[in-house]
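Working through the structure, step by step
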Amino acid sequence: MFDKRSKWQQKAMHAMAGRYGLTDTLNKHLLVAGVVLMLVNIVFASRVLSLLSTILIAYAAFRFLSKNRYKRVRENQIYYAWHMKRQRFWQFQQKRWRERKSYKYFSCSNCHQKLRVPRHKGRIKITCPKCRTQITKKT
Ligand SMILES: [Zn+2]
C-alpha cells in the first residue's frame, strides 16, 4: 500500500522508534517550570536561574528521547506520587481555611486520624472513628 506519510514524518518516526517519546506528568512539569524560570529570568537576568531552567528543559528533552522506557515510567510514578501527596495536603489546607468558622480540626492522639468537629460546642469528648480513642477538646 502507498504510504501517505511525508518523508519527514517517516524520518521523524524512525528517529523516535524505541524512544520514550511521552509527555508524562513529570515532563510537563519540568517544561513548565523550565519555561517559567526562563521568563522570570528575563526580569532578573541571573546566571543561576538561566542554568536551572536549562537543566530542567534539558532533562525533559533527555527523558523524551530516552530509550529506557522502564526507568522513565518509574521516575514518573515516583514523581506523580509525590506530587499527589502535596496536592492532597494543599487541598486539605484550603478546605480547612474555607470551613474555619464552622469547624475545628484535631488529630487523634493515638492514630493521627484527622477529626473534624463543629465549633462553638464548648468542651466535648471526641471519639476517633478509626481507633475509638476518646479525646476531650475545647471547640
Ligand atoms: Zn484514632
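Residues numbered from 1 in each chain as written. Predicted model: local features only at pLDDT ≥ 70, side-chain atom pairs only at ≥ 80, totals over all residues. Heavy atoms only, no water.

- An unreviewed UniProt entry lists the chain under the name Zn-finger containing protein, with Vagococcus acidifermentans given as the organism.

Side note on the packing of aromatic side chains
- Under the counting rule described, the total for this entry stands at 4 aromatic pairs.
- Relative to Phe62, the ring of Tyr59 lies with its centre 6.1 Å away and its plane at 15°, an arrangement referred to as stacked. Taken together, the residues span about one helical turn, with Tyr59 and Phe62 both in helix H3 (residues 47–65) at a distance of 3 residues.
- Using a relative accessible area of 30% as the deciding quantity, one classes Tyr59 as partly exposed.
- Between the aromatic rings of Phe89 and Trp90, the centroid separation amounts to 5.2 Å while the plane-to-plane angle is 75°, which identifies the pairing as edge-to-face.
- The ring of Trp8 has Lys11 lying over it, and the distance from NZ or CZ to the ring centre is 5.2 Å. (Phe/Tyr/Trp six-rings, centres within 6.5 Å; stacked < 30°, edge-to-face > 60°. Helix = DSSP H or I, 4+ residues; strand = E, 2+ residues; numbered from the N terminus. Buried < 20%, exposed > 50% of the residue type's maximum accessible area, 1.4 Å probe, protein only. Lys NZ or Arg CZ within 6 Å of the ring centre and 35° of its normal.)

Section: the pattern of salt bridges
- Under the criterion given, the structure shown has 4 salt bridges.
- Each of Asp24, Arg63, Arg72 and Glu75 takes part in one network of salt bridges that share partners. (Salt bridge = Lys/Arg side-chain N within 4 Å of Asp/Glu carboxyl O.)

Details of the pairing of strand E1 (residues 103–107)
- Bridge analysis of E1 against strand E2 (residues 114–118) gives 5 bridges, and the strand direction is antiparallel. Within E2, the residue paired with Tyr103 across the bridge is Pro118.
- Taking the residues that link successive antiparallel strands as the turn, the E1-E2 hairpin has 6 residues, and the phi of His112 there is positive, at about 65°. (Pairing = 2+ DSSP bridges.)

Looking at helix H4 (residues 69–98)
- Taking 1.5 Å per residue as the helical rise, H4 with its 30 residues ought to reach 44 Å, and the 42 Å between its terminal C-alpha atoms agrees with that figure.
- Within the span of H4, buried status applies to Arg72, Asn76, Tyr79, His83 and Phe92.
- Where H4 is buried, its residues contact helix H2 (25–44), H3, E1 and E2. (Expected span 1.5 Å × (residues − 1). Contact = heavy atoms within 4.5 Å.)

Here we look at the coordination of the zinc ion
- Around the zinc ion, the donor atoms from the protein are Cys108 (SG), Cys111 (SG), Cys128 (SG) and Cys131 (SG), and they sit 2.2 to 2.3 Å away.
- For the zinc ion, the 4 donor atoms in the first shell make angles of 104 to 113° at the metal, a pattern classed as tetrahedral.
- Each donor residue of the zinc ion belongs to the same chain, with the gaps between them written as C-x2-C-x16-C-x2-C. Of the two residues, Cys111 is situated in the loop between E1 and E2 and Cys131 in the loop between strand E3 (123–127) and strand E4 (134–138); the sequence distance between them amounts to 20 residues. (Donors = N, O, S within 2.8 Å, 3.2 Å for Na, K, Ca; no water. Tetrahedral: all angles 85-135°; square planar, octahedral: opposite > 155°, others 65-115°.)

Here we look at the pairing of E3
- Pairing analysis gives 5 bridges linking E3 to E4, with the strands arranged antiparallel. By the bridge assignment for E4, Thr127 is matched with Gln134.
- Connecting E3 to the next strand, E4, in antiparallel fashion are 6 residues, including Arg132 with a positive phi near 70°.

Details of the environment of Ile124
- Its location among the elements puts Ile124 in strand E3.
- A relative accessible area of 22% places Ile124 in the partly exposed class.
- What Ile124 contacts, discounting residues up to four positions off in sequence, is Val117, Ile135, Thr136, Lys137 and Thr139.

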